[in-house]
Amino acid sequence: MKESTLAAETAESRIDPKMEPSWKHRLAGEFRKPYFSDLKRFLKEEKANGAVIYPPGPLIFNAFNKTPFDAVKVVILGQDPYHGPGQAHGLCFSVQSGVKPPPSLVNIFKELHKDVGFIIPNHGNLEKWAEQGVLLLNACLTVRAGQPGSHHGKGWETFTNAVVQTLNDEKQGLVFLLWGKPAQEKGSIIDPSRHHVLKAAHPSPFSADRGFFGTRHFSKANAILEKSGLDPIDWQI
């Protein structure tokens, strides 16, 4: 094999995501696995074929960059990013400032209002939560514009399973908020003797009335944190 070809292949296999160091150190092994190389190749093919992918590349790992590993206290698991223009920015359920909150987020705000007296804002940017130690993690970190679920089964779920496994193994006393079946399936990775797991229906308009409203997960999470001697989350944004 020619040296130039070998060098090109080596460069292609070298994956170096822009990620906060405490996470990057722990997840470096995932980036070297074949499934992640396949995932990267798939994303490159999507772009080469003209697909618009959300969130923008620099924001794909935003959840990790906003919430360093050592800061994580609460984990909220979503499914995949919003698929409309300007919405997704790498934090589950959150939208960029200036974008109308989607229905699921509106329902989250309604529950917050009833639970902790949350004042419903005119935006849906949840960065303030992330900066306080709430990891806002989607199971799938990218999506094709206008096509929900379009990047399922391409490798992201394996990666985020590894994230949850790492949290489970290396931390103690986290509060996991699992809303809806996909999030609850990921809950099989979590050891309930080490962590606190709160389950509910998904806040989507299709299911919020069947077990999301009235669960008071936000005040319950704060009660758990305070009992552990940790600062509660200021849910107001």
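In case you missed it, the structure is sitting above this.
Here, residues in each chain are numbered from 1, in the same order as that chain's written sequence. Confidence filtering applies because this is a predicted model: local features only for residues at pLDDT of at least 70, side-chain atom pairs given and counted only at 80 or more, and all residues used for totals across whole chains, interfaces and linings. By convention in this description, side-chain values take in all heavy atoms of the structure and omit both hydrogens and water.

Honestly, the sheet that holds strand 5 (residues 175-179) in this entry has me stumped. Any pointers?
Think of a sheet as strands paired side by side through backbone hydrogen bonds, with each pair either parallel or antiparallel. For two strands to be treated as a pair, DSSP must find no fewer than two bridges joining them. In DSSP terms, a helix is any run of H or I states spanning at least four residues, a strand is any run of E spanning at least two, and both are numbered starting from the N terminus. The four strands lie next to each other as 3-2-5-6, forming an open sheet whose pairing is parallel. Of all strands in the sheet, those with a lone pairing partner are strand 3 (134-138) and strand 6 (196-200), marking the two edges. Geometrically, the sheet is characterised by an average inter-axis angle of 20° between neighbouring strands, direction not taken into account. Residues count as neighbours in contact if any of their non-hydrogen atoms are within 4.5 Å of one another. In this analysis, axes come from line fits to C-alpha atoms, helices being fitted only over the stretch in contact, and the angle between any two N-to-C directions falls in the range 0 to 180 degrees. In the packing of helix 7 (residues 156-170) onto the sheet, the strands contacted are strand 2 (74-78), strand 3 and strand 5, and the crossing angle to strand 3 comes to about 155°.

I would appreciate a short explanation of unusual backbone geometry in the present structure.
Trans is the prevailing form of peptide bonds, just as negative phi is the prevailing case for residues other than glycine. Look at the link from tyrosine 54 to proline 55: it is a cis peptide, with omega at -5°. Inspection of the secondary structure puts proline 55 in the loop between strand 1 (53-54) and helix 4 (62-66). A positive phi angle is found at phenylalanine 93, which is not glycine, with a value near 70°. Positionally, phenylalanine 93 belongs in the loop between strand 2 and helix 5 (103-116). In this model, arginine 216 sits at a positive phi of 55°, which is unusual for a non-glycine residue. Classification of arginine 216 as partly exposed rests on a relative accessible area of 44%. Relative accessibility decides the category of a residue: with a 1.4 Å probe and only protein chains considered, values under 20% of the type maximum give buried, values over 50% give exposed, and everything between is partly exposed.

What's the story with the packing of aromatic side chains in this structure? I'm lost.
Two aromatic rings are characterised by how far apart their centres lie and by the angle between their planes. Pairing of aromatic rings covers Phe, Tyr and the six-membered ring of Trp, with a centre-to-centre limit of 6.5 Å; geometry is then stacked below 30 degrees between planes, edge-to-face above 60, and tilted otherwise. By the definition in use, this model includes 21 aromatic pairs. On the basis of an interplanar angle of 80° and a centroid distance of 5.0 Å, the ring pair of tryptophan 23 and phenylalanine 64 is categorised as edge-to-face. Here the residue tryptophan 23 occupies a position in helix 2 (residues 21-31), and phenylalanine 64 occupies one in helix 4, the gap between them amounting to 41 residues. Just as tryptophan 23 is buried, phenylalanine 64 falls in that class too. A ring pair is formed by phenylalanine 218 and tryptophan 235, whose centres lie 5.0 Å apart and whose planes are at 75°; its orientation type is edge-to-face. You can see phenylalanine 218 sitting in helix 9 (residues 217-227) and its partner tryptophan 235 sitting in the segment after helix 9, a full 17 residues away along the chain. With a relative accessible area of 1%, phenylalanine 218 lands in the buried category.

Honestly, the pattern of salt bridges in this entry has me stumped. Any pointers?
Any two side chains of opposite charge can pair, on the condition that their charged atoms come close. In the sections that follow, a salt bridge refers to a side-chain nitrogen of Lys or Arg positioned within 4 Å of a carboxyl oxygen of Asp or Glu. Summed over the entire model, instances satisfying the criterion amount to seven salt bridges. As a salt-bridge pair, arginine 26 and glutamate 170 come within 2.8 Å of each other at their nearest N and O atoms. Of this pair, arginine 26 sits in helix 2 while glutamate 170 sits in helix 7, placing them 144 residues apart in sequence. Between arginine 216 and aspartate 115 there is a salt bridge, with the nearest N and O atoms lying 3.0 Å from each other. Placement of the pair is arginine 216 in the loop between strand 6 and helix 9 and aspartate 115 in helix 5, with a sequence separation of 101 residues.

Where do I start with the environment of histidine 196 in this structure?
With respect to the helices and strands, the residue histidine 196 is situated in strand 6. On the basis of relative accessibility, which here comes to 31%, the residue histidine 196 falls in the partly exposed class. The residues contacting histidine 196, other than those within four sequence positions of it, are Gly173, Leu174, Val175, Phe176 and Ile224.

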